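So you can see what is in the structure, the chains are spelled out below.
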Amino acid sequence: MPEITLEIVPAVVIPTHLTGEVQSKLAYVDQGIAKAVVSADGLHITLHLHQQPNSAERSRLEEKVQRVVTSLARGAIQPKVQVLEDFMDRPVRYHQDPNDVLLARGEMSQEAQGIFTLGPLVTRLIEFFENQFLGLAASFNAAPYRFPTLIPARYLERVNYFRAFPHSLSFATHLREDLDVIDDFAQHAACDHEHLLGALNTSAESFAPIQTLLSPAVCYHLYFSLADKPLPGGQLVATAVGNCFRYESFNLRSLERLWNFTMREIIFVGSKDFVLQNRELARQEMAQRLEKIGLAYRVESANDPFFIGEFRKQAAFQSAFQLKYEIRASLPFKNATLAVGSYNYHQDFFGRNLNISLPDGSGAPAGAPVHTGCVAFGLERMAYAFLAQFGPEPANWPAVVRDWIKTSAAPQNPGGA
Ligand code: ATP
Ligand code: ZN
Ligand code: MG
């Protein structure tokens, strides 16, 4: 099939620091877009389309693209990137994309876009990294928690999530409690290669109003459990691992960016000083751990991928107050970096919005909102970046990793049968 492309000259030149941001946001412009490329000089956008658009469709596409461009790039000021650690020159031993070899060896298989099952090799590596994060959590005496995968819509609404990240939401619903609806669905539900066709036949009214979504992050659950009361003891360190969901459309490529991924977080709740000091301690301890592993990476200031309406204001705010730092691991095969973790400070945002207050005697005036922060690691990303630097052969891995995996391995079937 011939490639169908549409060239657009952006209304505003896209500055280099926003190339990636604009490119990934173009995924949400129209279902007809299969891929978008912003040229390095910021002067051209190439859309790859599923179908040839007619002229009305073309102008509509152009108008929507320009809306993304102007809201992200017009008057944008390049934030000063602050680099806290730079170990990008650590020696790496591999220069290929590990996705291909993992798929070829059956160490990974794709169920759908952004949804992968992982075999023993990646699983053991993830266990290794989990062990590192649990060690980090233990040094803060973090209390263990388990959180659900679903999250109530009213919770996310309370923390402005719908306005900030509408594009990446994943909704959970179910059939209405109605015998006719359920019977009808049971008889007609069928799938094509991607979609549930029964859902179309049975119409949207078959589904219950949406009460829940799939959780986009781990730490929110903790804040909600603390809402509307003083924080007992005035400070808390907690840790949990959980399934997270972010729909990233055509940006969902390989193990690098998933719809359904796993995040380990260590969460700090208390006064401003308590949160900031612990975030910094966590970073320093993590630096030592990453040094032993030999990972090539840097830690630099960053911002969250807010949707276009909120992006400019929020990203500038995060950058001005140094609210987010990312651990960006080197991906040698494409001479790029990928966020494998982040050190976040939310100021008193959750304390204020969820009415979590500091009790008497905690330093701050009683009743003042708590501050929060979290250290978050993407488990699949961590394993992916490691494999991108050291390859799929354990014999080529740093000894700390190899030895841990060897000694912690579950006993093999002794009979060999
Ligand atoms: P990115 O900049 O890559 O979009 P993020 O800044 O939105 O990621 P955080 O909100 O800081 O990510 O989440 C913490 C960690 O969770 C990230 O550093 C990354 O390792 C992981 N993560 C986030 N989004 C995804 C995803 N779509 N697929 C896999 N891992 C992810
Ligand atoms: Zn968090
Ligand atoms: Mg990021």
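Description of the site of ligand 1
In the neighbourhood of ligand 1, 16 residues make up the surrounding shell, with Glu248, Leu258, Lys324, Glu326 and Ser342 lying closest. In the environment of ligand 1, an oxygen atom lies 2.6 Å from a nitrogen or oxygen atom belonging to the side chain of Lys324. Interatomic distance of 3.3 Å between a backbone N/O atom of Gly378 and an oxygen atom of ligand 1. When the free accessible area of ligand 1 is taken as 580 Å², the share hidden by the protein chains comes to 93%. Looking at the shell around ligand 1, the elements with two or more residues in it are strand S13 (260–270), strand S15 (324–331), strand S16 (336–345) and strand S18 (371–378). No other element matches S16, which puts four residues into the shell around ligand 1. Residue classes in the shell around ligand 1 are distributed as seven nonpolar, three polar and six charged.

Quick look at the domain arrangement of the chain
Interface size is often expressed as the accessible area that is lost when the parts come together. Taken domain by domain, the chain consists of domain 1 (4–73), domain 2 (83–149 + 215–408) and domain 3 (174–206). For domain 2 versus domain 3, the separation of C-alpha centres amounts to 38 Å.

So, the packing of helix H4 (residues 120–139) against helix H14 (residues 399–408)
Where H4 contacts H14, the two axes come as close as 10 Å, and the packing angle between them is 100°. Comparing their axes, H14 and H4 come out roughly perpendicular. Residues Arg124, Leu125, Glu127, Phe128 and Asn131 of H4 lie in contact with H14, whose contacting residues are Val400, Val401, Trp404, Ile405 and Ser408. Split by residue class, the contact of H4 with H14 holds six nonpolar, two polar and two charged.

Some thoughts on the sheet that holds strand S9 (residues 171–172)
The three strands are arranged S8-S10-S9 in an open sheet whose pairing can be described as antiparallel. Unpaired on one side and paired on the other, strand S8 (150–152) and S9 mark the two borders of the sheet. Sheet topology places S9 next to strand S10 (residues 212–214); two bridges connect them, and they run antiparallel. Each residue of the ladder has a partner; that of Phe171, found in S10, is Leu213.

With respect to the environment of Met382
Here Met382 lies in helix H13 (residues 379–390). The buried category is assigned to Met382, whose relative accessible area is 1%. For the pair Met382 and Ala329, spaced 53 residues apart in the sequence, the C-alpha separation amounts to 8.3 Å. The residues touching Met382, leaving out its near neighbours within four places in the chain, are Phe129, Phe133, Leu290, Leu295 and Val340.

Notes on the packing of aromatic side chains
As enumerated under the stated definition, the model contains 20 aromatic pairs in all. Between Tyr247 and Trp259, the ring centres sit 5.0 Å apart and the planes meet at 70°, which makes this aromatic pair edge-to-face. One end of the pair, Tyr247, is in the loop between strand S12 (236–245) and S13; the other, Trp259, is in the loop between S12 and S13, with 12 residues separating them in the sequence. Note on Tyr247: relative accessible area 26%, which makes it partly exposed. Taking relative accessible area as the criterion, Trp259 reaches 28% and is therefore assigned partly exposed.

Some thoughts on the packing of H4 against helix H10 (residues 272–293)
For the pair H4 and H10, the least separation of the axes is 10 Å and the interaxial angle reads 145°. In this structure, H4 meets H10 at a crossing whose hand is right-handed. Of the residues in H10, those touching H4 at Phe128, Phe129, Gln132, Phe133, Gly135, Leu136 and Ser139 are Ala282, Glu285, Met286, Arg289 and Ile293.

Details of the sheet that holds strand S3 (residues 45–49)
Taken in spatial order, the three strands line up as S1-S3-S2 in an open sheet, and their pairing is antiparallel. Each edge of the open sheet is held by one strand with a lone partner, namely strand S1 (4–8) and strand S2 (33–38). Across the sheet, the mean angle from the axis of one strand to that of its neighbour is 20°, orientation sign disregarded. Here S2 pairs with S3 via five bridges, running antiparallel. Across the sheet, Val38 pairs through a bridge with Ile45, a residue of S3.

Some words on the environment of Ser168
Note on placement: Ser168 falls in the loop between helix H6 (161–164) and S9. As a C-alpha pair, Ser168 and Leu125 span 43 residues in sequence and 28 Å in three-dimensional space. When neighbours within four sequence positions are excluded, Ser168 is seen to be in contact with Tyr161, Phe245, Arg246 and Tyr247.

Things to note about the side chain of Asp348
Positionally, Asp348 belongs in the loop between S16 and helix H12 (349–353). A relative accessible area of 19% means that Asp348 is categorised as buried. Among all residues touching Asp348, those that are not within four sequence positions of it are Pro369, Val370 and His371.

Quick notes on the rules
- Residues numbered from 1 in each chain as written.
- Chains lettered and ligands numbered in written order.
- Predicted model: local features only at pLDDT ≥ 70, side-chain atom pairs only at ≥ 80, totals over all residues.
- Heavy atoms only, no water.
- Near = heavy atom within 4 Å.
- Polar contact = N/O pair within 3.5 Å; in protein donor to acceptor, adjacent residues only side chain to side chain.
- Areas by Shrake-Rupley, 256 points an atom, 1.4 Å probe, with all protein chains shown as cover.
- Helix = DSSP H or I, 4+ residues; strand = E, 2+ residues; numbered from the N terminus.
- Nonpolar A, V, L, I, M, F, W, Y, C, P; charged D, E, K, R; others polar.
- Domains from an automatic or database assignment.
- Axes fitted to C-alpha atoms, helices over the stretch in contact; angles between N-to-C directions.
- Parallel < 35°, antiparallel > 145°, perpendicular 65-115°, else oblique.
- Contact = heavy atoms within 4.5 Å.
- Pairing = 2+ DSSP bridges.
- Buried < 20%, exposed > 50% of the residue type's maximum accessible area, 1.4 Å probe, protein only.
- Phe/Tyr/Trp six-rings, centres within 6.5 Å; stacked < 30°, edge-to-face > 60°.
- Left-handed = near helix turned anticlockwise from the far one by under 90°.

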